[in-house]
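# Descriptive structure summary
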Amino acid sequence: MRAMWKGTVSFGLVSIPIKMYGATATHDISFRQVRRSDGSRVKYKRVAEADGEVVEYSEIAKGYELPDGRMVVLTDDDMEQLPLPTKKVVDVLEFVPLEQIDPILYNKSYFLEPDTNAGLKPYLLLREALESSDMVAVVKVTIGTREQMATIRVRDGVLTMSTLLWADEVRKPEFGFLGEDLDLRPQEVKMAQALLASMEGDFDPEEYTDEYEVALDELVEAKLEGNEVLQPAVGEGEEESDNVVDLMAALQASIDRAKKGEGEPVAGVDQDEKPAKKKPAAKKSAAKKAPAKKAAKKQPAKKAAAKKTTAKKAAKKAS
């Protein structure tokens, strides 16, 4: 696992440096929105309502809309100035019995690991105190940009922090039947209790499976086996790499053209070198028309070579 947050658990004069890890992970199958006919992905653009222009992420701010439609714009700088005393601290407020926490308040859970060797002993002391007392710590912590209530308890030997909803985030049930006074006969209550007793057991989450996910996996697998798969077309600006010019092939083509005396340009090759490649071809054609001149030109070359050899021998004798 990878730590997603670092800070300290603070209670009284004790501080415990910790790392925080996500304790849960969903196993939902993720889907993309695509066009049904060809499987092409559907993309969304961030556009301004006023003029329809695309808005870059750097230009996006938070807006608080007033009842009359006006907007209070809050920038990142504005948000940074907000007081968050628990930004890097898990502040322990009190210890309470576990049964006093209504499960409806629980939101998301995290594992806490001691960050340093120095923090290991106070970590273990807090763990032991919580286990022996059947209490949980009520804390405040800032995750991201939001301060939250949370509890710390022990699970499988690890301090586990579970964030809580604020009290005003839990709705009150307002249903008509709650005000009705319906008489239930004692025999009916006993039968209901007997039914509960017959279905009593010990909860083991491993015994239950997500049947919808299993069926969805089987559906996808069946479509794969039946080759019901679409290859989305490549959009504009996403050309395949096959269209890229192969430089080596272009150079080889240039050499072949030069040997044949062709002057057509080749993609990816510098055309400034063509005149230099035409000269040898001109000499060959001249040699075919006037072989006598070619022979005459070779004789001075032989004499020059002979002179060089004589000069080398003379140099050796002199040494």
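Analysis parameters
- Residues numbered from 1 in each chain as written.
- Predicted model: local features only at pLDDT ≥ 70, side-chain atom pairs only at ≥ 80, totals over all residues.
- Heavy atoms only, no water.
- UniProt positions renumbered as here; feature names shortened; annotations may be inferred.
- Phe/Tyr/Trp six-rings, centres within 6.5 Å; stacked < 30°, edge-to-face > 60°.
- Lys NZ or Arg CZ within 6 Å of the ring centre and 35° of its normal.
- Salt bridge = Lys/Arg side-chain N within 4 Å of Asp/Glu carboxyl O.
- Buried < 20%, exposed > 50% of the residue type's maximum accessible area, 1.4 Å probe, protein only.
- Helix = DSSP H or I, 4+ residues; strand = E, 2+ residues; numbered from the N terminus.
- Contact = heavy atoms within 4.5 Å.
- Pairing = 2+ DSSP bridges.
- Patch = residues over 30% accessible without salt bridge, like charges linked within 9 Å, V, L, I, M, F, W, Y side chains within 5 Å.
- Areas by Shrake-Rupley, 256 points an atom, 1.4 Å probe, with all protein chains shown as cover.
- Expected span 1.5 Å × (residues − 1).
- Polar contact = N/O pair within 3.5 Å; in protein donor to acceptor, adjacent residues only side chain to side chain.
- Core = buried A, V, L, I, M, F, W, Y, C linked by side-chain atoms within 4.5 Å.
- Axes fitted to C-alpha atoms, helices over the stretch in contact; angles between N-to-C directions.
- Lys, Arg positive; Asp, Glu negative; His and termini not counted.
- Charge placed at Lys NZ, Arg CZ, Asp CG, Glu CD.
- pLDDT = per-residue confidence, 0-100.

Per an unreviewed UniProt entry, the chain is named Non-homologous end joining protein Ku, and its organism is Mumia zhuanghuii. Here the chain is described in UniProt, under the heading Subunit (unreviewed entry), as follows: "Homodimer. Interacts with LigD."

Another aspect to go through is the packing of aromatic side chains. Evaluated as defined, the whole model comprises three aromatic pairs. Measuring from centroid to centroid gives 5.9 Å for F203 and Y208, while their planes differ by 20 degrees, and the two rings are stacked. The ring centre of Y57 lies 3.7 Å from the NZ or CZ of R46, which sits over that ring.

Turning our eyes to something else, we now look at the pattern of salt bridges. Inspection of every chain in the model, using the stated rule, returns seven salt bridges. In this structure, R155 engages D156 in a salt bridge whose closest nitrogen and oxygen atoms are separated by 3.1 Å. A relative accessible area of 41% means that R155 is categorised as partly exposed.

We now examine the side chain of T160. Following the sequence through the fold, T160 ends up in strand β9 (residues 158–164). Setting aside chain neighbours within four positions, we find T160 in contact with S109, Y110, F111, T151, I152, R153 and R155.

Note: strand β7 (residues 135–143) against strand β8 (residues 146–155), seven bridges, orientation antiparallel. What sits directly across from T142, in β8, is E147. Connecting β7 to the antiparallel partner β8 that follows it, the hairpin turn spans two residues, and G144 within it adopts a positive phi of roughly 75 degrees. Sheet topology note: the β8/β9 ladder contains seven bridges and is antiparallel. Bridged to M149 within β9 is L164. Hairpin connection between β8 and β9: a loop of two residues separates the two successive antiparallel strands, and D156 in this loop has a positive phi of roughly 55 degrees.

Before going further, it helps to examine a nonpolar patch on the surface. There is a patch of nonpolar side chains on the surface, built from Y64, V72 and L74 and spanning about 270 Å² of accessible area. Here L74 lies in strand β4 (residues 71–74).

With that settled, consider helix α4 (residues 211–225). An α-helix turns once every 3.6 residues. As a result, residues three or four positions apart point the same way. In a regular helix each residue adds 1.5 Å, so 15 residues correspond to 21 Å; α4 covers 21 Å between its end C-alpha atoms and thus fits that length. Its side-chain oxygen placed 3.2 Å from the backbone nitrogen of Y212, D210 serves as the N-cap of α4. One or two residues past the end of α4 sits N227, with phi positive at roughly 60 degrees.

A few words on the nonpolar core. Counting residues in each nonpolar core, the largest one holds 20 residues, and the members touching the most others are V9, V90, L112, V139, I152 and M161. Only β1 (5–11), β2 (14–22), β5 (89–97), β6 (106–114), α2 (120–133), β7, β8 and β9 provide two or more residues apiece to this core. No other element matches β7, which puts four residues into this core. Among all residues touching V90, those that are not within four sequence positions of it are W5, T8, V9, S10, V139, K140, V141, I152 and M161. One finds V96, L105, V136 and L164 within the second-largest nonpolar core, a separate group that totals seven residues.

Among all residues save glycine, negative phi is the norm, and among peptide bonds the norm is trans. The phi angle at D134 is positive, at roughly 55 degrees, despite the residue not being glycine. Counting through the fold element by element, D134 comes out in the loop between α2 and β7. Phi at N227 is positive, roughly 60 degrees, even though this residue is not glycine. Positionally, N227 belongs in the loop between α4 and α5 (247–260). Looking at N227, the relative accessible area reads 62%, which means it is exposed.

Position of L130 among the secondary structure elements: in helix α2. The spatial distance from the C-alpha of L130 to the C-alpha of R153 is 6.7 Å, given a sequence separation of 23 residues. Those residues in contact with L130, other than ones at most four positions away along the chain, are F95, M135, V136, A137, I152, R153, V154 and L159.

An order of β1-β2-β6-β9-β8-β7-β5 is seen for the seven strands of this closed barrel, with the pairing classed as mixed. The average angle at which neighbouring strand axes cross in this sheet is 40 degrees, direction not considered.

Let us now look at a negative patch on the surface. A cluster of acidic side chains, namely E200, D202, D204, E206 and E207, defines a negative patch on the protein surface. Mapped onto the elements, E207 comes out in the loop between α3 (186–198) and α4.

This prediction gives the chain a mean pLDDT of 79; 73% of its residues lie at or above 70. Here residues 263–319 is a poorly scored stretch, pLDDT under 50, and it has 19 contacts once near neighbours within four places are set aside; other chains count.

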